[in-house]
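# What the coordinates show
The primary structure of each chain is shown beneath.
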Amino acid sequence: MDVPFWVWALTVGLILGMLIFDLVGHVRTPHAPTLRESAIWSGVYVGIAVVFGLLIFWFYGAQFGGEYFAGYITEKSLSIDNLFVFVLIMASFGVPRELQQKVLLYGITFALVLRTVFILVGAAAIENFSWVFYLFGAILIWTAWAQARSGGHDDHEDYKENLLLRGAKKVFSTTDEYHSDKLSVRIDGKRYITPLAIALIAIGSADILFAVDSIPAIFGLTQETYLVFAANAFSLLGLRQLFFLIDGLLDRLVYLSYGLAVILGFIGVKLVIHALHTNELPFVNGGEHITVIPEIPTWLSLSVILVTLAVTTVASLAKNRRDRAERSELAAGAPGPVDDAAAGTTRAVRAADEVEGRSAGEAASRSADVLDPR
């Protein structure tokens, strides 16, 4: 895939322009976005990513177009999974809702810069060392196993500070309260960083961990550096709006981790097969290529990704529907306050009748004894 320098420059300029627009147009004035605002701008960013993919189809053909869309959908899915952690970070640090946009945008910008570095390093490694595909494949297969064993998002329920965040808290003096959208303040002549800055460090350090499975996954779908960069960038852009759009829906995607486990495992196997086809390790088949197993085509990768996500989403929504129905049935069958009062009254009346009956019987018996002493 021959990408001229001007195309690279135009793409990078477009991405930077979108980030600046986000900062100036939406985040500069702190506010909590409405559902309508989030939905509109999420649609805009997804639309831009789709148009970009169609341009790849038009100018470079179906092969590269399919690789881009497979990479974009996979990275977007992984980004949605990352939102679970973002929600916990926001809650752990008590970030006010009107400031969450800024935290997310800065975190996304940091992730974009970090992943660009990882992409360039990964591309250079793949270019010079074909055995890197074995490493990437092993990382993804292990990650898929960890995702499946986690049983959903239970491992995310208790957010734990990582080493980088703990170190930052020891090095810098921090305030206990937020100071609007300021990252640092001067109090009594001493400089302090605010909880907002700590939250940014938390999200930035989490992005480092996310890149560990994200970058190998995209390289498992395409080795074109330009497509890897574009798919990552467009999947991250719009993530801020998506956070507010599906914030209330995240807990309903109970099977998302299982779906991602299937996708990552599939891509991991795909990478291992590709590594066998380009094998140069002397202790594997004497350094000769192994082509017994055919490589997985792009159309099959895209189909597996789409079908897995569709099944995962439908199954998650169906389970939530069943759970709501069961809760409704339990609520309908449980006695309410009025029912409890009525039941109590009935029991009291029956007890009074029994007491009255016993009293009447005893009185009659005593009367009989008086009239007939025998």
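Residues numbered from 1 in each chain as written. Predicted model: local features only at pLDDT ≥ 70, side-chain atom pairs only at ≥ 80, totals over all residues. Heavy atoms only, no water.

Time to look at a nonpolar patch on the surface. Taken together, the side chains of Val-12, Leu-16, Ile-20, Leu-23, Val-24, Tyr-106 and Leu-183 make up a nonpolar region of the molecular surface, amounting to roughly 550 Å² of accessible area. A total of five residues in the nonpolar patch trace back to one element, the largest contributor, which is helix α1 (residues 5–27). Structurally, Ile-20 is set in helix α1. For Ile-20, a relative accessible area of 54% puts it in the exposed group. (Patch = residues over 30% accessible without salt bridge, like charges linked within 9 Å, V, L, I, M, F, W, Y side chains within 5 Å. Areas by Shrake-Rupley, 256 points an atom, 1.4 Å probe, with all protein chains shown as cover. Salt bridge = Lys/Arg side-chain N within 4 Å of Asp/Glu carboxyl O. Helix = DSSP H or I, 4+ residues; strand = E, 2+ residues; numbered from the N terminus. Buried < 20%, exposed > 50% of the residue type's maximum accessible area, 1.4 Å probe, protein only.)

What follows covers empty space enclosed by the protein. Tallied over the entire structure, the rule returns two cavities of 30 Å³ or more. Approximately 50 Å³ is the volume found for the largest cavity. Asn-82, Phe-86, Leu-104, Gly-107, Ile-108, Ala-111, Arg-115, Ile-203, Asp-207, Phe-210, Leu-236 and Leu-239 are the residues that line the largest cavity. At the level of secondary structure, the elements contributing two or more residues to the lining of the largest cavity comprise α3 (62–92), α4 (100–128) and α7 (195–219). Per-element tally for the lining of the largest cavity: the top contributor is α4, with five residues. Grouping the constituent residues of the lining of the largest cavity by class yields eight nonpolar, two polar and two charged. By volume, the second largest cavity is sized at about 30 Å³. (1 Å grid on protein atoms, 1.4 Å probe; cavity = no way out; pocket = protein on both sides within 12 Å on 5 of 7 lines; lining within 4 Å. Points joined across faces, edges and corners; volume = space filled by probe spheres on them. Nonpolar A, V, L, I, M, F, W, Y, C, P; charged D, E, K, R; others polar.)

Turning our eyes to something else, we now look at α3. With 31 residues, α3 extends 45 Å between its outermost C-alpha atoms, agreeing within 8% with the 45 Å of an ideal straight helix rising 1.5 Å per residue. α3 sits mainly inside the fold: 24 of its 31 residues count as buried. Positive backbone phi, at 55°, marks Gly-94, one or two positions downstream of α3. (Expected span 1.5 Å × (residues − 1).)

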